[in-house]
Amino acid sequence: MPKSSPNYLHETNLRSKIVATIGPSSCSKEVLQKMIDNGVHVLRLNMTHMSREFAKEIISNIRSLACADEIGIWVDVNGPKIRCGKLVEGKPVFLEEGQDFTFLNDPNAVGDNTRCATSYSEHIVRSGDKIYVDDGMLCFTVVERVEEGVLCKVDNSGWLGENKGINLPRHFLDLATITQKDKLDIQFAMENKCDFLSISCIRDVSDVEELRLLLGDSKIRLIAKIENSRGVTNFSSILSMADLIVIDRGYLGAELDAEFVPVAQKKMIAECNAAGKPVVIANQVLESMTTRPRPSRSEAADVSNAVADGTDGFVLSAETAVGKYVIETIQTMRKIAYQAENQTNYLEYQQKMMRSQPKPIAVSESIASSAVTCARQVGAKLIVCFTELGGTARLVAKYRPEITIIGATMMPQTAKQLNLCFGVVPYHHKGTDSDIVNETLKYAVSLGLTKAGDIVVITSGQVIGFLEGTTTKMQLLTVPSF
């Protein structure tokens, strides 16, 4: 049993999950440890912006930490996403409104403040089309096709960096779901036993199925990133095949008009909640804290509203990868999310979830919702879910109990994967089936989540002959004195 509580329980019992993207600002052992101490649950490696050698070094750093067993590792691969190329000396360049700028057909060309390479050279854009770069932070109007590429006018001044995403919202892009580089990155994730894998710009369920085939019998949890209009249109079928969802508002905001993004986000969160699958919000979360020590009021409101809508957590991107205020950003995220949780009516949320279930209700759903109801009625201090692959814990978390859920498992990877599930504190039991109940309760007592004499609700699933997430049993126990 661990000698101390998980770091995310030190100050407040935050139930929303925090993912931190690793980059130059956060790759050292010292900063990684500080991030975890301040409440990060999962660390994300964006393979678009790092080599496999650098990613390997980061994974080694993570696993050398004393708390490594508690933290999930997420590998994010590029997928069918257009990006701009390299720049002189690798440094961002400033573009002036009204100047000429050329997107080159040669993907290997080194750009400057007048031109840059792209990873897509099909002749589809026409005069008057808009090209958006870096989540729409830069906008260009196509003037004409020229011999070396596409000549544009810069619509607004701003900085252009390397490997930034490019959107052509008026056009269908016939891109391969998985490139050769993506395949190598996916193989890297499996070889290094990472816990989550995502691919950018999922368009339909066939993209997810293709990735599933590459993963084979790997236990990595598959995350679908919704970043384009096709992904929103085909969301229901994508959700049915993916394990988790990321709503990436930056790239999505360059594909959809701004007024539609919040509405789409709310609808997708609600659909994920009803399906009992975790959903996290990414991009432009606390982005102003990349360069400033405090967030904007609108960013704080955005985070708070997403918690109230039912998101499981948030992904910090540039804020922790290249930001100046890495730890301050994580602390701020904790405070905002914690206050939002305290103001959310989870009893009403549970009732809404129960009403939304088709009748007759499946046995697993009935037991999961009943466990939450029972816990409230008897004044239980804790819900414990014994699970192999995490399905039982995720099902109970779907109903958002107001008390903590402990997801107890004998599978170390399952414990790390439960780190993206709202309200679940993972516990990896290293003993046997015969002592898992007592050891889990001891663990809960050591965290201060319960004490002798408290009532605890326990749910469990039956493994043999049943699908993942099949919850078949609920019981009440009184915590003994240890």
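An unreviewed UniProt entry lists the chain under the name Pyruvate kinase, with Clydaea vesicula given as the organism. On record in UniProt, under Pathway (unreviewed entry), the comment for the chain is "Carbohydrate degradation; glycolysis; pyruvate from D-glyceraldehyde 3-phosphate: step 5/5." Its UniProt record gives the chain a comment under Sequence similarities (unreviewed entry), which states: "Belongs to the pyruvate kinase family."

Novice: I tried to follow the sheet that holds strand β8 (residues 130–133) on my own but got confused; where do I start?
Specialist: As a general point, the strands of a sheet are linked pairwise by backbone hydrogen bonds and lie either parallel or antiparallel. Sheet architecture is open: seven strands sit in the order β4-β12-β8-β9-β10-β6-β7, paired in mixed fashion. For this open sheet the edge positions go to β4 (82–83) and β7 (115–117), each flanked by a neighbour on one side alone. As defined by bridge partners, strand β6 (residues 100–104) adjoins β7 across three bridges and the pair is classed as parallel. Bridged to Thr102 within β7 is Arg115.

Novice: Got a minute to help me understand the sheet that holds strand β2 (residues 42–46) in this structure?
Specialist: Taken in spatial order, the eight strands close into a barrel running β1-β2-β3-β13-β14-β15-β16-β17, and their pairing is parallel. Across the sheet, the axes of successive neighbouring strands diverge by a mean angle of 25°, strand direction being ignored. Here helix α11 (residues 326–342) sits on the sheet and contacts β1 (17–21) and β17 (313–316); the angle it forms with β17, its principal contact strand, is near 165°.

Novice: I'm lost on the packing of aromatic side chains in this one. Help?
Specialist: Each aromatic ring pair is summarised here by two numbers: the centre-to-centre distance and the angle between the ring planes. Counted under the stated rule, the structure contains seven aromatic pairs. Measuring from ring centre to ring centre gives 5.2 Å for Phe94 and Trp159, while their planes differ by 65°; the resulting arrangement is edge-to-face. With Phe94 in strand β5 (residues 93–95) and Trp159 in strand β11 (residues 158–160), the pair connects residues that are 65 residues apart, well separated along the chain. Taken together through their ring pairs, the aromatic side chains of Phe101, Phe103 and Phe140 make up a single cluster. The ring of Tyr346 has Arg15 sitting right over it, with the charged end atom 4.7 Å from the ring centre.

Novice: Teacher, can you tell me more about helix α3 (residues 180–191) here?
Specialist: Its 12 residues place the ends of α3 17 Å apart at the C-alpha level, agreeing with the 16 Å of an ideal helix rising 1.5 Å per residue. Among all positions of α3, only Asp182, Asp185, Ile186, Phe188 and Ala189 are buried. Seen from one end, α3 has its buried residues packed into an arc of 155°, which puts them on one side. α3 presents Gln180 and Glu191 as exposed residues on the side facing more than 90 degrees away from its buried surface. Check the buried side of α3 and you find it contacts α2 (52–63), β3 (72–77), β13 (196–199) and α4 (205–215). Directly beyond the C-terminal end of α3, a positive phi value near 50° is found at Lys193.

Novice: Looking at this model, I keep getting lost on empty space enclosed by the protein. Mind explaining?
Specialist: Rolling a probe over the atoms, with the probe sized like a water molecule, indicates the empty space that remains. Applying the stated criterion across every chain yields a total of three cavities of 30 Å³ or more. Forming the walls of the second largest cavity are Cys272, Asn273, Gly276, Lys277, Pro278, Asp312, Tyr349, Arg394, Ala397, Lys398, Arg400 and Cys421. Among the secondary structure elements, those contributing two or more residues to the lining of the second largest cavity are α8 (261–275) and α14 (391–397). The residue makeup of the lining of the second largest cavity, split by class, is five nonpolar, two polar and five charged.

Novice: Looking at this model, I keep getting lost on the nonpolar core. Mind explaining?
Specialist: One broad rule of soluble globular proteins: the nonpolar side chains tend to lie buried together. Judged by nonpolar contacts, the single largest core of 90 residues is most densely connected at Met35, Leu43, Leu45, Leu197 and Ile245. If one sorts the elements of this core by residue count, α11 sits on top with seven residues. What Ile245 contacts, discounting residues up to four positions off in sequence, is Ile223, Ala224, Ile226, Phe235, Ile238, Leu239, Cys272, Pro278, Val279 and Val280. Cys84, Ile131, Val150 and Leu160 belong to the second-largest nonpolar core, a separate cluster that totals 23 residues.

Novice: Honestly, α2 in this entry has me stumped. Any pointers?
Specialist: An α-helical turn contains 3.6 residues, so any two residues separated by three or four positions project in the same direction. Given a rise of 1.5 Å per residue, 12 residues ought to cover 16 Å, and the 16 Å separating the end C-alpha atoms of α2 matches this to within 8%. Three or more residues of α2 are buried, namely Ala55, Ile58, Ile59, Asn61 and Ile62. Looking straight down α2, one finds that the buried residues subtend no more than 160° of arc, so they occupy a single side. Lining the buried residues of α2 we find α1 (29–37), β2, β3 and α3.

Novice: So what exactly am I meant to see when it comes to the environment of Ile131 here?
Specialist: Note that Ile131 resides in strand β8. Separated by 37 residues in the primary sequence, Ile131 and Leu168 have C-alpha atoms spaced 5.3 Å apart. The residues touching Ile131, leaving out its near neighbours within four places in the chain, are Phe103, Leu138, Cys139, Phe140, Val142, Cys152, Ile166, Asn167 and Leu168.

Analysis parameters
Residues numbered from 1 in each chain as written. Predicted model: local features only at pLDDT ≥ 70, side-chain atom pairs only at ≥ 80, totals over all residues. Heavy atoms only, no water. UniProt positions renumbered as here; feature names shortened; annotations may be inferred. Pairing = 2+ DSSP bridges. Helix = DSSP H or I, 4+ residues; strand = E, 2+ residues; numbered from the N terminus. Axes fitted to C-alpha atoms, helices over the stretch in contact; angles between N-to-C directions. Contact = heavy atoms within 4.5 Å. Phe/Tyr/Trp six-rings, centres within 6.5 Å; stacked < 30°, edge-to-face > 60°. Lys NZ or Arg CZ within 6 Å of the ring centre and 35° of its normal. Expected span 1.5 Å × (residues − 1). Buried < 20%, exposed > 50% of the residue type's maximum accessible area, 1.4 Å probe, protein only. Arc of directions from axis to C-beta. 1 Å grid on protein atoms, 1.4 Å probe; cavity = no way out; pocket = protein on both sides within 12 Å on 5 of 7 lines; lining within 4 Å. Points joined across faces, edges and corners; volume = space filled by probe spheres on them. Nonpolar A, V, L, I, M, F, W, Y, C, P; charged D, E, K, R; others polar. Core = buried A, V, L, I, M, F, W, Y, C linked by side-chain atoms within 4.5 Å.

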